[in-house]
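A closer look at the structure
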Amino acid sequence: MPDVRLSISFAFAALACAPPTHREVQAGPALARLRLPTSAERLATFSGSEGTRLGISVLALPDLDGDRRAELAAGALPGATDAGRTQAELVLFGSREYAALWRLPSPGGRVPGRFAERSTVVTDVDGDGQADLAVSDWSAEHGRGAVEIRGSKDGRRLMRIEGMAPFERGLGAGLAAAGDIDGDGAGDLAVALVDGRGRFVSGRNGAVLGEFHGAPLGLTGDLDGDGRRDLLVFDGVPRDGALRWPETSLGARVLSTPSGAALLELVPAEEVLALEAHGPAGDLDGDGFLDWTAAYRPAGGDENDFVPGARERLLISISGRSGRQLSVARLRLGDRGRMHLVTAAGDVDGDGARDVLAAWHLEVGEQLGFAEIVRGRDGVTLHQLSSANWSFATSACVVPDWNGDGRNELALGEPLSCEEGREAGRVHVIAFPARP
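Quantities reported herein were computed from a predicted structural model and do not represent experimental measurements.

Procedures and definitions
Residues numbered from 1 in each chain as written. Predicted model: local features only at pLDDT ≥ 70, side-chain atom pairs only at ≥ 80, totals over all residues. Heavy atoms only, no water. Helix = DSSP H or I, 4+ residues; strand = E, 2+ residues; numbered from the N terminus. Buried < 20%, exposed > 50% of the residue type's maximum accessible area, 1.4 Å probe, protein only. Contact = heavy atoms within 4.5 Å. Areas by Shrake-Rupley, 256 points an atom, 1.4 Å probe, with all protein chains shown as cover. 1 Å grid on protein atoms, 1.4 Å probe; cavity = no way out; pocket = protein on both sides within 12 Å on 5 of 7 lines; lining within 4 Å. Points joined across faces, edges and corners; volume = space filled by probe spheres on them. Nonpolar A, V, L, I, M, F, W, Y, C, P; charged D, E, K, R; others polar. Pairing = 2+ DSSP bridges. Axes fitted to C-alpha atoms, helices over the stretch in contact; angles between N-to-C directions. Salt bridge = Lys/Arg side-chain N within 4 Å of Asp/Glu carboxyl O. Phe/Tyr/Trp six-rings, centres within 6.5 Å; stacked < 30°, edge-to-face > 60°. Core = buried A, V, L, I, M, F, W, Y, C linked by side-chain atoms within 4.5 Å. Lys, Arg positive; Asp, Glu negative; His and termini not counted. Polar contact = N/O pair within 3.5 Å; in protein donor to acceptor, adjacent residues only side chain to side chain.

What follows concerns the overall build of the protein chain. What the protein chain contains, in helices and strands, is 1 helix and 29 strands. A buried classification covers 61% of the 436 residues belonging to the protein chain. Within the protein chain, contacts between residues separated by at least 24 positions form 52% of all contacts whose residues are at least 6 apart in sequence. Carbon and sulfur atoms make up 49% of the accessible area of the protein chain, which amounts to about 16,600 Å² in all.

Further remarks concern empty space enclosed by the protein. Under the definition given, this model contains 1 cavity of 30 Å³ or more. A volume near 40 Å³ is recorded for the largest cavity. Around the largest cavity, the lining residues are L315, S317, S327, A329, V356, V374, R375, G376 and G379. Elements represented by at least two residues in the lining of the largest cavity include exactly β21 (311-318), β22 (325-333) and β25 (369-375). Here the lining of the largest cavity is composed, by residue class, of 4 nonpolar, 4 polar and 1 charged.

Looking now at the sheet that holds strand β24 (residues 355-362). If you trace the 4 strands from one edge of the open sheet to the other, you get β23-β24-β25-β26, paired in antiparallel fashion. In the strand order of this sheet, the two ends are held by β23 (337-346) and β26 (381-387), each with one partner. Between one strand axis and the next, the sheet turns through 20° on average, direction left out of account. Note that β24 and β25 share 7 bridges and pair antiparallel. Within β25, the residue paired with D355 across the bridge is R375.

This paragraph deals with the pairing of strand β10 (residues 157-162). Relative to β10, strand β9 (residues 146-150) runs antiparallel, the two being bridged by 5 bridges. Looking at β10, one finds that V147 is bridged to I161. Between the antiparallel neighbours β9 and β10 lie 6 residues, among them G155 with a positive phi of about 80°.

Enumeration according to the criterion identifies 22 salt bridges in this entry. The partner of E162 in a salt bridge is R144, and the shortest N-O contact between them spans 3.6 Å. With a gap of 18 residues between them, E162 in strand β10 and R144 in the loop between β8 (132-137) and β9 connect regions that are remote in the sequence. Classification of R144 by relative accessible area gives buried; the value is 18%. Ionic pairing is found between R297 and E303, a salt bridge with its closest N-O pair at 3.5 Å. Here E303 falls in the partly exposed class, since its relative accessible area comes to 26%. Several salt bridges share partner residues, and in doing so they unite E141, R144, E148, R150, R157, R160 and E162 into one network.

Of all 8 residues that make up β24, 8 are buried, and the element is covered over most of its length. Of the two faces of β24, the one carrying D355, L357, A359 and H361 and the one carrying V356, A358, W360 and L362 are both buried. As judged from the 8 bridges shared by β23 and β24, these two strands associate in the antiparallel manner. Across the sheet, the residue bridging to A344 is V356, located in β24. The antiparallel hairpin formed by β24 and β25 contains 6 residues in its connecting segment, where G365 sits at a positive phi of about 60°.

Counted under the stated rule, the structure contains 4 aromatic pairs. Relative to F212, the ring of F200 lies with its centre 4.9 Å away and its plane at 50°, an arrangement referred to as tilted. You can see F200 sitting in strand β13 (residues 197-201) and its partner F212 sitting in strand β14 (residues 208-213), a full 12 residues away along the chain. You'll find F200 and F212 in the same group, each marked buried.

It is characteristic of soluble globular proteins that their nonpolar side chains tend to be buried jointly. Core analysis: the largest hydrophobic core is formed by 19 residues, its most contacted members being F46, L54, L72, C397, W402 and V427. When contributions to this core are tallied by element, the ones reaching two or more residues are β2 (41-48), β3 (52-61), β4 (71-78), β5 (89-93), β27 (395-399) and β29 (426-431). Within the second largest apolar cluster, 18 residues are counted, among which are V348, A371, L410 and F432.

Strands sit in the order β11-β12-β13-β14 across an open sheet of 4 strands; the sheet is antiparallel. The sheet is open, and its two borders are formed by β11 (174-179) and β14, each paired with just one other strand. Neighbouring strand axes in the sheet, compared pairwise and without regard to direction, differ in orientation by 20° on average. As paired strands, β13 and β14 are joined by 5 bridges and run antiparallel to one another. Each bridged residue has a counterpart across the sheet, and for G198 the counterpart in β14 is F212.

Secondary-structure assignment places D137 in strand β8. For the buried D137, which has no salt bridge, the nearest side chain bearing the opposite charge is R160, at an N-O separation of 5.8 Å. A polar atom in the side chain of D137 sits 3.2 Å from the backbone nitrogen of F115.

Next up, the structure:
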C-alpha cells in the first residue's frame, strides 16, 4: 500500500483539541481558515498526508456499510514536491465511522499519473446488487489513457479499456455513465479522448457501442423517444490538467445514445466573450431532464488579465429539454481570478428545487478560494463559502444526507491546501441545516 495516511477532524471538536494523527498532517490552522456562513456546518474533514493531493476528485456512491447513507470516494494524486514517495489512489470513506473502507492504488504503481482524477458511478456490472465505479487514468499507457471499472465493495478490477495505439491520446479525459445501452444488465460508459473524440463502450467487455464528439457530462431524459436516455455533452474537448476549457466552445449539446446524433443545442442567450467553467446542474426546472450551467466572461467589458481589480462573471443555466435559458446570476470576483468549477449542488435550501455550486479563486495577493451556492430557478445567491487556499472547491459532489436531517450535503475537495509549502489535500463535508 502507498504511504498515504489520512486524519479525520470533526466539526463538533474544537480546533485546538483536534490534533492530527501524525506529524505530517496539521489540519488545525488550515481548518481555522475555512470560512462558512452561519447557515452552514462542517460535518467532517478528511485530510491527506504530505505529498498527497487528496480531493482532486470526489464522488458519492450508494450505501455500502449498511447505514442507509451514501459513501464518499476521493481521488488523491502525488504532489509535485513528493511524487517519488506517494502514488495516485482512490479512497472510499464510509459514512458510518468516517473511516476508509478501502484504498485503490494506481495500477501504475509509483509512477505519477492522473489516476482517479475522474470517476463516475455505473449500474451494477458484477451482479452483486451494488452500483460499481469507473475510474479514469487518462495519462496511463504512455499517454494513450485507460479507464477501469471497479467493484464498489472492495475495489477489485472488473474491466479495463485502453486508448488504441498509436493514434489515440488521453482516453478517459472525459468520462460519464451511459446507462445500459446494449441491454445486457451492466452499466455502460461514455469516454472521451483529449481531442474530444468519444465513444460509448460496454461496461461488461469494453466493446464499442457507438461514437460521438464532445466531453460527456451525464445522462439526461429520453429526448428523441427511442426508449434510451440521451447524453449531455460539452461542445468541445474535456478539461485539461490546468482546469481550463477551450476558448472556442461556448455551449453544450444533447446527443442520442448510442448513435451520437445531435438532438439539441444549449447556447446562452446573453452576449458572452468566453467560457471559464461549466457542468451538469441537475434538473433545475423539474421536467425530468438534466440541465446545464456555465460561467462566462461577459462581452463588452474592459477586463484585463494583467491588471488587478474587481470583475464579473455571468452564471447561466440552460434547459436540457428545450434549450431555453432558465436563469442568469451575476458573480462578483473581488480581484483578478478565474472560475474553476460549476456543478450541481442538490436542493440546499429545502424548497424542492435544485441549486448550483460555482467556485473560483483569486490570483493576486492571498490566493483565496470561494464557493457560491445559487438557487437554480432564479439565480439568487443562497450561501457563500471561502478558504485561504485557491484550490478550495476545485472538485465537488452532492452527498445524500449524512447527518440525518433529510437534506443533502456537499463534499468539497481542496487538493492543494498548502500550509507553509506543504501539499496535503483535504475533503470537507458541509451541511446546510439552516435556511440561507
